Amino acid sequence: MLVLGIETTCDETAASVVHRGADGVGDIRSNVVYSQIAEHKEFGGVVPEIAARAHVEVLDQVISKALIDAQVRLSDCEAIAAAAGPGLIGGVIVGLTEAKAIALAAKKKFVAVNHLEAHALSVRLIGRVDFPYLLLLASGGHTQLVLVEDIGRYRKIGGTVDDAIGEAFDKAGKMLGLGYPGGPAVEQRALEGDPQRFDLPRPMFGRAEPDFSLSGLKTALRIEAEAIAPLSEQDVSDLCASFQAAVIDVIADRTRVALRKLRDTVYKPTAFVVAGGVAANQAIRLMLESETARLDTPLIVPPQALCTDNGAMIAWAAAERLARGMEDTLDFAPRPRWPLAEEKQSA
Ligand code: KG4
Ligand code: ZN
């Protein structure tokens, strides 16, 4: 089965053609991502109105390229899928409407995909991973620990009470004059810094529930930075290293708590999976490798192109749903808010 997937919920305009064999094996035939980072850079973050316009401008070309790269025609596809949320409403409407129009014109099935479900299932696109597995989704917009029990069955184990982890990196980067997005820049500068120079808080560390809180850490970083301003290059590197060390300690502790909580239950995860842009961080990965090894749980980090927002994960989630006989009708409304744990109504 070939599925065309469209992603427009944030600042990536993406389309992809994915194949799913009868044996459940996935194959990415094309994966086109147009990143809008350049459009948003001067504003230090994603501007919803600019994002929506940019999606309108490039989506047709992105879809055409996805079909050409995959060497397929629309008529070869079984279904057209789009992320119907959660995300920035303007962008969601652009992708969802386009997918519905194509499905209607080409007489194809249509699937409205939950963007978070797509992140949750993307790991199964590259290899066999049995349910249930524990997912850490850490991006600019989301920070959640989710037990993936089956297609359409998700149990939220923990989440952030304020900022997402990627968002905290972005705010730290902006505060220290490192531009947008902050994550890669902060990680880079942390390599040259002293992680022990600033004693930053580890919010939620030791709590019994595996939740996150990042905003206090961000405030503490600002206070330290203001206290020693003007900042030298070394100061910036040391602040980055200290900030990242605090985030790593928090993620390590929250992961331990979540895995220990599930370990002796029927929900014992077969693996710990990380998705979202933050998964690109090598220091975080290294820590997770040792933490999960100590708890006897295999760590799986999908390739970077699948961790960040992309169309392949949308097409794949749709293919997994279609294989279970689930599809949607063309009156499916966009959902700016769409928690993963809440099941959607399928036709
Ligand atoms: O999944 P993603 O591409 O987009 C969404 O937010 O949906 O994630 C982007 C986020 C940004 O907040 C970015 O700063 C963060 O992931 N990020 C990183 C790194 N690379 C990207 N955070 C920490 N370290 C990195 N190396
Ligand atoms: Zn995402």
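The written sequence of each chain sets the order in which its residues are numbered from 1. Chain letters start at A and ligand numbers start at 1, both assigned in the order the entries are written. Two thresholds apply to this predicted model, a pLDDT of at least 70 for residue-level local features and 80 or more for giving and counting side-chain atom pairs, whereas whole-chain, interface and lining totals are computed over all residues. In computing side-chain values, all of the structure's heavy atoms are included and hydrogens and water are not.

Regarding the sheet that holds strand S5 (residues 109-114)
Whether parallel or antiparallel, the strands of a sheet pair through hydrogen bonds between backbone atoms.
For step 1, the next point in the chain: Whether two strands pair depends on DSSP finding at least two bridges between them. What counts as a helix is a DSSP run of H or I of at least four residues, what counts as a strand is a run of E of at least two, and both are numbered from the N terminus. Strand order in this open sheet of five strands is S3-S2-S1-S4-S5, and the pairing throughout is mixed. Of all the strands in the sheet, just strand S3 (26-35) and S5 have a single pairing partner and so form its edges. Strand-to-strand twist in this sheet, taken as the mean axis angle between neighbours without regard to direction, amounts to 20 degrees.
For step 2, the next point in the chain: Pairing of strand S2 (residues 12-20) with S3, which is carried by nine bridges, proceeds in the antiparallel orientation. Each residue of the ladder has a partner; that of serine 16, found in S3, is asparagine 31.
For step 3, the next point in the chain: Across the sheet, helix H2 (residues 48-70) touches strand S1 (2-7), S2 and S3, and the angle it forms with S2 is around 25 degrees. To get an axis, a line is fitted to the C-alpha atoms, and for a helix only the part in contact is used. The angle between two axes follows their N-to-C directions and goes from 0 to 180 degrees. Whether two residues touch is decided by their heavy atoms; if any such pair falls within 4.5 Å, the residues are in contact.

Examining the environment of proline 184
For step 1, the next point in the chain: Secondary-structure assignment places proline 184 in helix H6 (residues 182-190).
For step 2, the next point in the chain: Among the residues examined, proline 184 registers a relative accessible area of 54% and is labelled exposed.
For step 3, the next point in the chain: In the structure, proline 184 is positioned 48 residues away from serine 232 in sequence and 20 Å away in space, judged by C-alpha atoms. Summary of the burial criterion: residues with accessible area below 20% of their type's maximum are buried, those above 50% are exposed, and those between are partly exposed, where the area comes from a 1.4 Å probe applied to protein chains only.

A few points about the pairing of strand S4 (residues 79-85)
For step 1, the next point in the chain: Where burial is concerned, most of S4 is hidden: seven out of the seven residues are buried.
For step 2, the next point in the chain: In terms of strand pairing, S4 meets S5 through six bridges, oriented parallel. What sits directly across from alanine 82, in S5, is alanine 112.
For step 3, the next point in the chain: For crossovers, right-handed means that the path from the first strand over the helix to the second runs clockwise, given strands pointing away from the viewer. Handedness of the crossover joining S4 and S5 through helix H3 (residues 89-106) is recorded here as right-handed.

Points about the site of ligand 1
For step 1, the next point in the chain: Residues are classed as near a molecule or strand on a simple rule: at least one heavy atom within 4 Å of it. With respect to spatial proximity, 18 residues lie near ligand 1, and among them Gly140, Asp170, Glu187, Gly277 and Asn281 are the closest.
For step 2, the next point in the chain: We define a polar contact as two N or O atoms separated by no more than 3.5 Å, with the added condition that, inside protein, one atom must be a possible hydrogen donor and the other a possible acceptor, whereas residues neighbouring each other in sequence contribute only through side-chain atom pairs. Within the backbone of glycine 140, a nitrogen or oxygen atom sits 2.7 Å from an oxygen atom of ligand 1.
For step 3, the next point in the chain: At 3.0 Å, a backbone N or O of glycine 277 approaches an oxygen atom of ligand 1.
For step 4, the next point in the chain: For ligand 1, whose free accessible area comes to 550 Å², the fraction covered by protein is 89%.
For step 5, the next point in the chain: Of all elements in the fold, only helix H5 (165-175) and H6 reach the threshold of two or more residues within the shell around ligand 1.
For step 6, the next point in the chain: Among the elements that take part in the shell around ligand 1, H5 stands out by supplying four residues, more than any other.
For step 7, the next point in the chain: As a working rule, the residues Ala, Val, Leu, Ile, Met, Phe, Trp, Tyr, Cys and Pro are called nonpolar, Asp, Glu, Lys and Arg charged, and the rest polar, with Gly in that last group. Here the residues of the shell around ligand 1 sort into five nonpolar, nine polar and four charged. Using the Shrake-Rupley algorithm and a 1.4 Å probe, accessible areas are obtained, with residue cover drawn only from the displayed protein chains.

Let's talk about the sheet that holds strand S7 (residues 143-150)
For step 1, the next point in the chain: Pairing within the open sheet is mixed, and its five strands lie in the order S8-S7-S6-S9-S10. Because the sheet does not close on itself, it has two edges, and the strands there are strand S8 (153-159) and strand S10 (299-300).
For step 2, the next point in the chain: With four bridges joining them, strand S6 (residues 133-138) and strand S9 (residues 272-275) adopt parallel strand pairing. Bridging across to S9, leucine 136 finds its partner in valine 274.

Some points on the coordination of the zinc ion (ligand 2)
For step 1, the next point in the chain: Here the zinc ion (ligand 2) is held by His115 (NE2), His119 (NE2) and Asp309 (OD), and the distances to it run 2.1 Å.
For step 2, the next point in the chain: The rule for donors is simple: N, O or S, within 2.8 Å of the metal, or within 3.2 Å if the metal is Na, K or Ca. Water isn't counted, so a site may look like it is missing partners. One chain supplies every donor to the zinc ion (ligand 2), and in sequence these donors are spaced H-x3-H-x189-D. Taken as a pair, histidine 119 in helix H4 (residues 115-121) and aspartate 309 in the loop between helix H10 (304-307) and helix H11 (312-323) lie far apart in primary sequence, 190 residues in all. Grouping residues by exposure puts histidine 119 and aspartate 309 together as buried.

Some points on unusual backbone geometry
For step 1, the next point in the chain: Of the consecutive residues glycine 85 and proline 86, the connecting peptide bond is found in the cis state with omega at -10 degrees.
For step 2, the next point in the chain: Following the sequence through the fold, proline 86 ends up in the loop between S4 and H3.
For step 3, the next point in the chain: Here phenylalanine 131 and proline 132 are connected by a cis peptide whose omega angle stands at -10 degrees.
For step 4, the next point in the chain: Within the secondary structure layout, proline 132 lies in the loop between H4 and S6.
For step 5, the next point in the chain: Phi at glutamine 71 is positive, roughly 55 degrees, even though this residue is not glycine.
For step 6, the next point in the chain: Within the fold, glutamine 71 resides in the loop between H2 and S4.
For step 7, the next point in the chain: The exposure class assigned to glutamine 71 is exposed, which follows from its relative accessible area of 74%.

Overview of the domain arrangement of the protein chain
For step 1, the next point in the chain: Entries for the protein chain in the domain assignment read domain 1 (2-124 + 305-342) and domain 2 (131-301).
For step 2, the next point in the chain: An automatic or database domain assignment supplies the residue ranges for each domain. Taken over C-alpha atoms, the centre of domain 1 sits 27 Å from the centre of domain 2.
For step 3, the next point in the chain: On the side of domain 2, 23 residues touch domain 1, which itself brings 22 residues to the contact.
For step 4, the next point in the chain: Of the roughly 1900 Å² buried between domain 1 and domain 2 on both sides combined, carbon and sulfur atoms contribute 68%.
For step 5, the next point in the chain: When the buried area of domain 1 at its contact with domain 2 is split by residue, Val123, Cys307 and Leu340 rank highest and sum to 25% of it.
For step 6, the next point in the chain: Within this document, salt bridges are pairs made up of a side-chain nitrogen of Lys or Arg and a carboxyl oxygen of Asp or Glu, the two lying within 4 Å of each other. Here domain 1 and domain 2 share one salt bridge between them.
For step 7, the next point in the chain: Joining domain 1 to domain 2, the criterion identifies seven residue pairs in polar contact (both at pLDDT 80 or more).
For step 8, the next point in the chain: Where the side of domain 1 that touches domain 2 is concerned, the elements lending two or more residues are helix H1 (37-41), H4 and H11. Summed over both partners, the accessible area lost on bringing two parts together, with a 1.4 Å probe, is the buried area.

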